[in-house]
Amino acid sequence: MLSKRIIPCLDVRDGKLTKGIKFKGNIDIGDPVEAAREYYEQGADEIVFYDITASSDERDIMIDVVKRVAETIFIPFSVGGGIRTVEDMRRVILSGAEKISINSEALKNPPLISEGAKAFGSQCVVLGMDVKKVEASAKIPSGYEMVIHGGRVFTGVDAFWWAKEAENLGAGEICLNSIDADGTQEGYEIKLTHLISTNVNIPVIASGGAGTPEHIKDVLTRGKADAALIASMVHYRYYTISEIKAYLQGSGVKTRMTW
Amino acid sequence: MIGIIDYQAGNLTSVARALRYLGEPCLVSDDPKVLKQASRIIFPGVGAAGEAMANLRQTHLDQWIPEWVDKGKPILGICLGTQVIFEYSEENDAKCLGIIPGAVKRFPKDLQEDCMPLKIPHMGWNSVAFQKDHPVFRDIPDEAQFYFVHSYYPAPADDRLVIGWTDYGQLFCAALARRNLVAVQFHPEKSGRPGLQILANFCRWGGEDA
């Protein structure tokens, strides 16, 4: 039986973490490679990097980060942000990332999903989805709408439809972020996660809202997610990944306990 | 020197990086003349069996790999590399190298666990129940897990070759060994410390049987 995955997410800008993570001894560090090493040692099953670098001239800095991460940790990791072409994907994958993730770029240009899947295999292509709850309507029958620009722009695309469409186009995994829950630390959007995860045949990573190990257990059991993305709760050292995993294991959720 | 077989099937950089981390010199090549300088061979790969076989034929590696195996020198198959050493793969209906009797099969569509449908590919961390002691799998904790990404699984004709079984709605062969050949379906280069341990063990293994 597969283990449920715990995946810390690191936001990177110009080669530095946007928010420092707390290390042993409460030292704040800003180097994404050191942060990745710390989470690898704590038992992270995978790591997600989001590059929020504004200008494309700075992309080389991220490629250098990817190369250094690949020499340091020996678990899968993915890179998202600013990937607009198959060539962008190739650079990131050849630098050592296992997967790339595309979000608004895929909404604007859906064939990018199939082109990526054809070039590198579906398992390399993660679809990032930013979703907001809305009134169900003829246009948005599921009551969940795709949003971009951090939730400021509504796209008129139904999230349920888009998840199925992306699977058909060849996406290998979905990272499903609830903009409503994101940053609240009050728990994941269980209903949304359950809806998407039980209706696609590719793994779903739940994202947004994690504050406690119980939240993670809920989304992995009731929400049927295959993996859980976490950020603040480990970056600020409220919990370590090992503590979260020990809790999950104790609650009957299969996790990887030896690394 | 470890030779890594390059046949345009991705993932080679991760294996090379893991070996570098372990301090093991390696060369990556699609040329038998270069690869024969190596003392042992890693046959990795991600992708589809049909295309992989076409690439291997083009570089004559389809003949060279079985010869290497016959010489008794150590070889480690990983993921797609493991699959193409069988006789046949259901993926692309591909005739493969035929080094190990058996076929590579697709996970059935109606795969279930506790009445819940299972997703395909089998992607993520899973346990491997090791059946016997083998030098390449030495010092691996019983509860260790390994990283898998695949929709097809190896089914050797002779179960006695199976070193490790994994459960994904059904049991399948995750690791096998026959004399100087060891092959795994998971990715040791992406499986943290236990995976690195397997690579390190392989680098010290002379190819003798368990």
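See the structure printed just above.
Residues numbered from 1 in each chain as written. Chains lettered and ligands numbered in written order. Predicted model: local features only at pLDDT ≥ 70, side-chain atom pairs only at ≥ 80, totals over all residues.

A. Representation of the overall build of chain B in the model. Scanning chain B from N- to C-terminus turns up 6 helices and 16 strands. Its C-alpha atoms give chain B a radius of gyration of 16 Å, near enough to 17 Å, the size a compact globule of 210 residues would have. With respect to the principal axes defined by its C-alpha atoms, chain B has extents near 50 × 35 × 30 Å. Counting over 210 residues, chain B shows a buried share of 51%. (Helix = DSSP H or I, 4+ residues; strand = E, 2+ residues; numbered from the N terminus. Rg over C-alpha atoms; globule rule 2.2 N^0.38 Å. Buried ≥ 20, exposed ≤ 12 C-beta atoms within 10 Å, placed from the backbone.)

B. Geometry of the nonpolar core. One finds I7, I100, M129, I174, L176, I205 and A228 of chain A to be the most contacted residues of the largest nonpolar core, which totals 151 residues. A total of 6 residues in this core trace back to one element, the largest contributor, which is strand β15 (residues 171–178) of chain B. For I205 of chain A, the contacting residues outside a window of four places in its chain are I7, E173, I174, C175, L176, A225, D226, A227 and L229 of chain A. (Core = buried A, V, L, I, M, F, W, Y, C linked by C-beta atoms within 7 Å. Contact = placed C-beta atoms within 7 Å.)

C. Structural context of the pairing of strand β7 (residues 100–106) of chain B. All names here are of chain B. The pairing of strand β5 (residues 86–89) with β7 spans 3 bridges and is parallel. Across the sheet, the residue bridging to Y88 is A103, located in β7. In terms of strand pairing, β7 meets strand β13 (residues 152–156) through 5 bridges, oriented antiparallel. When the sheet's bridge partners are listed, K105 is paired in β13 with Y153. (Pairing = 2+ DSSP bridges.)

D. How the structure looks around the sheet that holds strand β16 (residues 181–184) of chain B. Strand order in the open sheet formed by 8 strands is β2-β1-β3-β4-β16-β15-β14-β11 (chain B), and the pairing between neighbours is mixed. A strand with exactly one partner marks an edge of an open sheet, and here the two such strands are β2 (26–29) and β11 (129–130) of chain B.

E. Highlighting the interface of chain A and chain B. Counting residues at the interface gives 24 residues for chain A, matched by 32 residues for chain B. Broken down by class, the residue content of the side of chain A that touches chain B amounts to 12 nonpolar, 6 polar and 6 charged. (Nonpolar A, V, L, I, M, F, W, Y, C, P; charged D, E, K, R; others polar.)

F. Examining the sheet that holds strand β6 (residues 94–95) of chain B more closely. Spatially, the 4 strands line up as an open sheet ordered β6-β5-β7-β13 (chain B), and their pairing is mixed. Single-partner strands in this sheet number two, and they are β6 and β13 of chain B.

G. Up close: helix α1 (residues 12–21) of chain B. Among the residues of α1 of chain B, those classed as buried are L12, S14, V15, A16, A18 and L19 of chain B. Buried residues along α1 of chain B sit in contact with β1 (2–5), β2, β3 (40–43), β4 (75–78) and α6 (192–204) of chain B.

H. Seen up close, helix α1 (residues 32–42) of chain A. Every buried residue of α1 of chain A is listed here: P32, A35, A36, E38, Y39 and Y40 of chain A. Within two residues after α1 of chain A, G43 of chain A carries a phi angle of roughly 105 degrees, on the positive side.

I. Seen up close, the pairing of strand β12 (residues 145–150) of chain B. Across the 6 residues that make up β12 of chain B, a large majority, 6, are buried. Residues Q145, Y147 and V149 of chain B point to one face of β12 of chain B and F146, F148 and H150 of chain B to the other, with burial holding for every one of them.

J. Focus on unusual backbone geometry. With omega at 10 degrees, the peptide bond leading from I120 of chain B into P121 of chain B counts as cis. Within the secondary structure layout, P121 of chain B lies in the loop between β9 (116–117) and β10 (122–127). With phi around 55 degrees, H149 of chain A is a residue other than glycine that occupies positive phi space. Here H149 of chain A shows up in the loop between β9 (144–148) and β10 (153–158). The backbone of D93 of chain B shows a phi angle near 50 degrees, a positive value even though the residue is not glycine. With respect to the helices and strands, D93 of chain B occurs in the loop between β5 and β6.

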